[in-house]
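# Inside the fold
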Amino acid sequence: MISVSCSMCARMGKHLAAAALAGAVCLFASSAWAATEFKLSNQFPPNHHLSAGMRVFADKVAEYSRGELAVKIYDSGSLYRDAEIVKAIRSGSTEMGLVPVNKWSGMIPAVDVFDLPFAFPRASILQGFVDEAGPLFDEAFARYGAKVMFWVDYGYVQFFNSKRPLKTPEDFKGLTIRAYSAGDAETLKALGAAPTIISSAEMYMALQRGTIDGADTGMPAAISRKVVEVQKYMTLANYAVAEFLVQANLKWWNGLTPEQQNAITKAAADAEAYIREKVATAEADAQATIAKAGIAIHVPSEEELAAFIQATTPVRETYLKNSGELGAKLLPIADKARR
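Notes on the structure follow. (Residues numbered from 1 in each chain as written. Predicted model: local features only at pLDDT ≥ 70, side-chain atom pairs only at ≥ 80, totals over all residues. Heavy atoms only, no water.)

## Looking at the sheet that holds strand E8 (residues 214-218)
Cut-off, in case you're wondering: Strands were regarded as paired on the criterion that DSSP finds at least two bridges between them. Secondary structure elements are taken from DSSP: a helix is a run of H or I of four residues or more, a strand is a run of E of two residues or more, and numbering for both begins at the N terminus. Each axis is a line fitted through C-alpha atoms, and for a helix only the stretch in contact is used; angles between axes span 0 to 180 degrees, taken between their N-to-C directions. In what follows, a contact means two residues having at least one pair of non-hydrogen atoms within 4.5 Å.
Sheet architecture is open: 6 strands sit in the order E7-E6-E8-E5-E9-E11, paired in mixed fashion. Here the strands that pair on one side only, and so sit at the sheet edges, are strand E7 (194-197) and strand E11 (296-298). Sheet twist, expressed as the mean angle between neighbouring strand axes with direction ignored, is 35 degrees. Across the sheet, helix H5 (residues 182-191) touches strand E5 (156-161), strand E6 (176-179), E7, E8 and strand E9 (233-241), and the angle it forms with E6 is around 155 degrees. Its contacts with the sheet place helix H9 (residues 258-292) against E5, E9 and E11, and it is angled at close to 130 degrees to E11.

## Description of the side chain of Thr36
Cut-off, in case you're wondering: Buried residues are those whose accessible area, probed at 1.4 Å on protein chains only, stays under 20% of the maximum for their type, while exposed residues exceed 50% and partly exposed ones sit between those limits. N or O atoms closer than or at 3.5 Å make up a polar contact, with two conditions inside protein: a donor-capable atom paired with an acceptor-capable one, and, for residues adjacent in sequence, both atoms drawn from side chains.
Of note, Thr36 is situated in helix H1 (residues 6-36). Of the residues examined, Thr36 reaches a relative accessible area of 15% and is grouped as buried. Among the polar contacts made by the side chain of Thr36, one reaches the main-chain carbonyl oxygen of Glu68 at a distance of 2.4 Å. Aside from chain neighbours lying at most four places away, what touches Thr36 is Glu68, Leu69, Ala70 and Gln260.

## Overview of the sheet that holds strand E1 (residues 37-41)
Two strands in a sheet stick together by hydrogen bonds in their backbones, pointing the same way (parallel) or opposite ways (antiparallel). An order of E2-E1-E3-E10-E4 is seen for the 5 strands of this open sheet, with the pairing classed as mixed. What marks the edges here is a single partner per strand, and that holds for strand E2 (70-74) and strand E4 (146-152). Taken over all neighbouring pairs, the strand axes of this sheet differ in orientation by 25 degrees on average, direction set aside. Sheet topology places E4 next to strand E10 (residues 244-249); 6 bridges connect them, and they run antiparallel. Across the sheet, the residue bridging to Ala146 is Asn249, located in E10. Across the sheet, helix H4 (residues 123-142) touches E4 and E10, and the angle it forms with E4 is around 150 degrees. Running over the sheet, H9 touches E1, strand E3 (96-100) and E4 and is turned about 30 degrees from E4.

## Some details on the packing of helix H2 (residues 49-64) against H9
Counted only if it meets this: Every angle not falling under 35 degrees, over 145, or within 65 to 115 is termed oblique; those three ranges are roughly parallel, roughly antiparallel and roughly perpendicular. Handedness of a crossing follows from how the near helix is turned relative to the far one, being left-handed for an anticlockwise turn of less than a right angle and right-handed for a clockwise one. Residues are grouped as follows: Ala, Val, Leu, Ile, Met, Phe, Trp, Tyr, Cys and Pro are nonpolar; Asp, Glu, Lys and Arg are charged; every other residue, Gly included, is polar.
Orientation of H2 relative to H9, taken along the N-to-C sense of each, is 155 degrees, at an axis distance of 8 Å. In terms of orientation, H2 lies roughly antiparallel with respect to H9. The handedness of the crossing between H2 and H9 comes out as right-handed. Each of His49, Leu50, Ala52, Gly53, Met54, Val56, Phe57, Lys60, Val61 and Tyr64 in H2 lies in contact with H9, whose residues at this interface are Ala263, Ile264, Lys266, Ala267, Ala268, Asp270, Ala271, Tyr274, Ile275, Val279 and Ala282. In terms of residue class, the contact of H2 with H9 is made up of 16 nonpolar, 2 polar and 3 charged.

Here's what the structure looks like:
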């Protein structure tokens, strides 16, 4: 028979109590950690420079929150595709997501200002516009339960096709070209093409099968989505900007503590600055890669560019007609930024 003294029992009891307490603390910490992790839906592949920007955001959130918050990124549309992300954010199915601004055009037609052809010919003009117009967008999105975290410069949109060089509006006639938004479709119609709106995730397959003759997209995306494998020509017109933003579900955001909101806001500012810095380099690198892939690149002359601008003038008039009070406020800001 084993005899255990009362003092030994007391010591064992203390050890067991301490172990139980430590286990409870670990369990609580584990639960708290899980509760502070939030999702960020990203439609781009991991190798895209915008995806690198999402990782910068996640790293900075962890740093500024001292590990209290963690961002789980879902790349390549694995959580929600671009056509689904607005609904997912509004419903709270994801706390955050990278959103093409034009996906709001059904509810807020004025966001199509970014699709106006040749409205933002230089990156500095775009940045000046976003900085001044930001509060107007914040107010519009808040009405639909979304909070703007930061703006994501994507770069310029170019014309790709498999049939012929596109040097004049007449060259677009008879071509079926993928448009990324309703506003972009208006530009293609004005140039004489037959637009069809197709999501970025489905673009490659449509081009490969010959369902469409060409596509409007940015140069880095043309590489990451392998568009260069199934196209022959590109017109470097810088005719539109496909602006993105990272948005959060407003109800979720309002439920965070001020300290958590501050950490995310600081991380958002860092990510926005990082992406803006990388866009120009990404564009230049992508153009070199596209040329190396054998794509014939046409850079319009001043006369050709003037013809494109003239042909697409009706798009601006349609925008003003459809975009309401907000559009009437945004367009003068864009014009002022361009001067």
